[in-house]
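# Per-entry structural report
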Amino acid sequence: MRQAGRYLPEYQLIRKQQKSFLDLCYNKDLITEITLQPIKRFNFDAAIIFSDILVIPHALGLNVTFIENIGPIVQKISSPEDLKLLHPLDNSKLQPVYEGISLVRSKLPSDKVLIGFTGAVFTLLTYIIEGRGGYKTNFEETKLSIFNKKTLIDELILILEEAVITHIINQIEAGVDLIQIFDSWAGILAEEEYFEYVIKPTKRIVASVKNKYPHIKIIGFPRLSGKLYHNYIEETKIDCISLDPLVSLSDAALMQQKVIVQGNLDPLILLSNKEIIKLKVTNICEALGKGNFIFNLGHGILPSTPIENVEYLIELVKSYEKN
Ligand code: 1CP
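Just so it is clear, the structure is predicted and the values come from calculations on it, not from any experiment.

Glancing now at the nonpolar core. Core analysis: the biggest nonpolar cluster contains 115 residues, and Ile241, Leu265 and Val281 have the highest contact counts within it. Here this core takes twelve residues from helix α8 (residues 150-174), the largest share from any one element. Residues contacting Leu265, with those up to four places away along its chain left out, are Pro245, Leu270, Lys280, Val281, Ile284, Phe295, Asn296, Leu297, Gly298 and Leu313.

Packing of helix α6 (residues 121-130) against α8 brings their axes to within 10 Å, and their N-to-C directions diverge by 125°. Taken together, the axes of α6 and α8 are oblique relative to one another. The way α6 lies across α8 gives a crossing that is right-handed. In this structure, α6 uses Val121, Leu124, Leu125, Ile128 and Ile129 to contact α8, whose residues at the interface are Ile153, Leu156, Ile157, Leu160, Glu161 and Val164. Residues belonging to the contact of α6 with α8 are distributed by class as follows: ten nonpolar, no polar and one charged.

Within this model, the second largest pocket holds a volume of roughly 840 Å³. Taken together, the elements giving at least two residues each to the lining of the second largest pocket come down to β1 (46-48), β4 (113-119), β5 (178-183), β9 (293-297) and α13 (307-322). Residues of the lining of the second largest pocket, tallied by class, amount to 21 nonpolar, six polar and five charged.

Attention now goes to the pairing of strand β3 (residues 71-74). With four bridges joining them, strand β2 (residues 64-67) and β3 adopt antiparallel strand pairing. Bridge assignment links Phe66 to a residue of β3, and that residue is Pro72. Between β2 and β3, which pair antiparallel one after the other, the connecting turn spans three residues, and Asn69 there sits at a positive phi close to 65°.

This paragraph deals with the side chain of His58. With respect to the helices and strands, the residue His58 is situated in helix α4 (residues 55-59). In this view, His58 contacts Leu22, Tyr26, Val64 and Lys93; residues no more than four positions away in its chain are not counted.

Time to look at the sheet that holds strand β6 (residues 217-222). Strand-to-strand pairing in sheets goes through backbone hydrogen bonds, with the strands running parallel or antiparallel. Spatially, seven strands are ordered β1-β4-β5-β6-β7-β8-β9 in an open sheet, and the strand pairing comes out parallel. The open sheet has two edge strands with one neighbour each: β1 and β9. On average, adjacent strands in this sheet sit at an angle of 25° to one another, irrespective of strand direction. Of the strand pairs in this sheet, β4 and β5 are connected by five bridges, and their pairing is parallel. Bridging across to β5, Gly116 finds its partner in Ile179. Each of β8 (260-265) and β9 is contacted by helix α12 (residues 274-288), which is oriented at about 165° to β8, the strand it contacts most.

What counts, and at which threshold
Residues numbered from 1 in each chain as written. Predicted model: local features only at pLDDT ≥ 70, side-chain atom pairs only at ≥ 80, totals over all residues. Heavy atoms only, no water. Core = buried A, V, L, I, M, F, W, Y, C linked by side-chain atoms within 4.5 Å. Buried < 20%, exposed > 50% of the residue type's maximum accessible area, 1.4 Å probe, protein only. Helix = DSSP H or I, 4+ residues; strand = E, 2+ residues; numbered from the N terminus. Contact = heavy atoms within 4.5 Å. Axes fitted to C-alpha atoms, helices over the stretch in contact; angles between N-to-C directions. Parallel < 35°, antiparallel > 145°, perpendicular 65-115°, else oblique. Left-handed = near helix turned anticlockwise from the far one by under 90°. Nonpolar A, V, L, I, M, F, W, Y, C, P; charged D, E, K, R; others polar. 1 Å grid on protein atoms, 1.4 Å probe; cavity = no way out; pocket = protein on both sides within 12 Å on 5 of 7 lines; lining within 4 Å. Points joined across faces, edges and corners; volume = space filled by probe spheres on them. Pairing = 2+ DSSP bridges.

Structure, rendered in structure tokens:
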């Protein structure tokens, strides 16, 4: 989950000096510095490259801006005419991302993993159809377009799928060790549409990447998928599943019989107190710690998270590992 995201003062310092968030995302030296910040401070086992899922719509030709207290605003596609706005993924825009990856890899100790990432096709689609972030919409337009503008949606899915594959391959070639696919809004779909727009494109992406780079592991995060997590695991053939906080630990243990499980502490717990943090972390470690497991939060860390609680969390997980 997000590591730098707004809670570290050293990130805030850099952020304040840049008007535009995207300028940060396209500056290879700042990408490197920000990506390494949580590693330097906490000695985590893995770093996730500092970037954003919305670099894909931007590199496809759409305007993308991040506005304080509102979130991302994306140029919308509402008709077949609008498809003319799109062009093949612009590598000159994304070049600094890939250069940043190579730089981070060269500076990161060899025992630390570097995670590359992408938005999943469906989640990227929601931003392009709604024109805004998931916290500022009820997804009506996306859901209705699936029924009323099926040809347009299917065309967009194919364009996004190709862009996602290219972006993943480029990140692997620049030096990431594994890939995480964020499908943050997967949970808004009913079963049939979930199969069509979450599972099918992800399955094709995983197959295509594995065909070229069979050794690269892929983590899927179809947030809020409920029971459909099981279908996602079986169908997409991802290597590891990232779970949101609503997944019960008994259900997570069932999934662990099929894939590596990652998760799923509610980020809000880190705003409570040490007693609660200890209880919840211990519950997760007891339930999942003996199998294939990566401890993580169930979603991005909140900007107001006290740093000492992150330190305490790491201490707890590390001491559990030793036992
Ligand atoms: O934080 C890090 O260093 C890791 C890099 C990272 C990642 C993995 C960022 C930086 N964003 C992401 C993924 C991302 N971006 C997701 C998938 C994970 C999730 O569900 O959170 C999504 C949905 C986005 C889109 C996005 N970008 C949002 C969500 C808003 C919404 O309403 O949909 C927001 C707020 C951003 C901005 C952003 N991205 C990253 C950071 C540090 C920030 C905050 C920018 C700032 O104010 O400084």
